[in-house]
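Residue-level listing of the chains:
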Amino acid sequence: MTRYILKKTLLGIITLLLSITLLSGCFERTLPTKVSFQPMYKNMPLSCESNFHSSNEKTISSDELIKWQYQQLQFYIHGVEVNTRKNGWQPWGMTTNSNQASNVALLGETCNENKEEPNWHIELVPLDFSADITDIRFSIGVPFELNHLNPLTQPSPINDSSMFWGWRGGHKFMRIELASQYDDWLFHLGSTGCKALSPVRAPKSECLHPNRVIVSLPFTEKSSVIKFDLAVLLRGIALTRDNSCQSAVDEESCKTLFKNLDMTDDNKKKSLLFTAQ
């Protein structure tokens, strides 16, 4: 009788341990997947505290370089997809938190005295562990159906007033503001040529220049960081206030920046602005 009770007790303990292991495995599978983004200038990681020297700038004197910092570097992404060997391209949905909603995420940071928390990662729902991922792609911007809504009634981060032009123009998809000891420069990417009855009315159809950018790059299950190289974006741009761009299609600085946003390796057709590791 004692031996029977002992055997039953051991069986119960083993069953309990197996249940905990299985539940732990299921829990791990349901945890969101984090993909981090890292702003760079060539090979140097950037932050609010770091300086960089633009390749397109002349020195003030033979021994003085112009030091640039970003004051704000933020951009929206949406429509994340992955390419798998078995099933091809498929959506990779985002979870919902203060930095992402409706599969739209706001990445980046603002450098000011308020010391707002930066956000340089996205959280995505888990994929099947057996998926053999080869590529990732996403769009810079906010989809049309969300772009022109009243931000006061939208969830975070689509309610960020610093990233909103107005009902007719919609959101700034990317906002980069730089400053040096001598000058400043900015780039605001967003849709233009939007037709509405007034500036405070939303357009009923897509804008003439949507200005959303699709980014595609190699990516595997082991990839965890996507680098954003500011030096690639600024190729051919002299950083002066007069050379700033607010997505005017006829300005030379904007033409150069639009080209750089879509810059790819002609042989591989993969992004040079963004790279994954």
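1. Concerning the overall build of the protein
Phase 1 of the analysis: Along the backbone of the protein there are four helices and 14 strands.
Phase 2 of the analysis: For the protein, the proportion of its 277 residues judged to be buried stands at 41%.
Phase 3 of the analysis: Intrachain contacts of the protein at a sequence separation of at least 6 include 69% that bridge at least 24 residues.
Phase 4 of the analysis: Counting every atom, the protein has about 15,600 Å² of accessible surface; 55% of that belongs to carbon and sulfur.

2. What about the state of the cysteines?
Phase 1 of the analysis: Inspection of every chain in the model, using the stated rule, returns three disulfides.
Phase 2 of the analysis: Through a disulfide, Cys-194 is tied to Cys-207; the S-S separation comes to 2.0 Å. Looking down the S-S bond of the Cys-194 and Cys-207 bridge, the torsion is 105°, so its handedness is right-handed. Of this pair, Cys-194 sits in the loop between β11 (184–190) and β12 (213–218) while Cys-207 sits in the loop between β11 and β12; the two residues are 13 residues apart in sequence, bridging distant segments of the chain.
Phase 3 of the analysis: For Cys-194, a relative accessible area of 13% gives the class buried.
Phase 4 of the analysis: Between the sulfur atoms of Cys-245 and its disulfide mate Cys-254 the distance is 2.0 Å. Its S-S torsion of about 120° marks the bond between Cys-245 and Cys-254 as right-handed, since a negative value means left-handed. The two residues Cys-245 and Cys-254 agree in class, both being buried.
Phase 5 of the analysis: The connectivity of the disulfides in the protein is 1-2, 3-4, 5-6, where the numbers refer to bonded cysteines in sequence order.

3. Looking at the nonpolar core
Phase 1 of the analysis: Residues Phe-37 and Phe-274 are the most contacted members of the largest nonpolar core, which totals 60 residues.
Phase 2 of the analysis: Considering every element that reaches this core, the biggest residue donor is strand β3 (residues 68–84), with eight residues.
Phase 3 of the analysis: If sequence neighbours within four positions are ignored, Phe-37 has contacts with Phe-75, Ile-77, Leu-107, Trp-120, His-121, Ile-122, Phe-138, Ile-226 and Phe-274.

4. Quick notes on the environment of Pro-203
Phase 1 of the analysis: Relative to the elements of secondary structure, Pro-203 occurs in the loop between β11 and β12.
Phase 2 of the analysis: With 54 residues separating them along the chain, Pro-203 and Leu-149 place their C-alpha atoms 9.9 Å apart.
Phase 3 of the analysis: Look past the residues within four positions of Pro-203 in its chain and what remains in contact with it is Phe-144, His-148, Trp-167, Arg-168, Cys-194, Lys-195 and Ala-196.

5. Some remarks on the pattern of salt bridges
Pairing of side chains with opposite charge becomes possible as their charged atoms draw close.
Phase 1 of the analysis: This model, assessed by the stated rule, comprises six salt bridges.
Phase 2 of the analysis: Its salt-bridge partner being Glu-206, residue Arg-212 comes within 2.9 Å of it at the nearest N-O pair.
Phase 3 of the analysis: Residue Glu-252 pairs with Lys-255 through a salt bridge whose shortest N-O separation is 3.3 Å. Pair noted here: Glu-252 and Lys-255 are both in helix α4 (residues 252–261), with a separation of three residues, about one helical turn.

Conventions adopted
Residues numbered from 1 in each chain as written. Predicted model: local features only at pLDDT ≥ 70, side-chain atom pairs only at ≥ 80, totals over all residues. Heavy atoms only, no water. Helix = DSSP H or I, 4+ residues; strand = E, 2+ residues; numbered from the N terminus. Buried < 20%, exposed > 50% of the residue type's maximum accessible area, 1.4 Å probe, protein only. Contact = heavy atoms within 4.5 Å. Areas by Shrake-Rupley, 256 points an atom, 1.4 Å probe, with all protein chains shown as cover. Disulfide = S-S within 2.5 Å. Core = buried A, V, L, I, M, F, W, Y, C linked by side-chain atoms within 4.5 Å. Salt bridge = Lys/Arg side-chain N within 4 Å of Asp/Glu carboxyl O.

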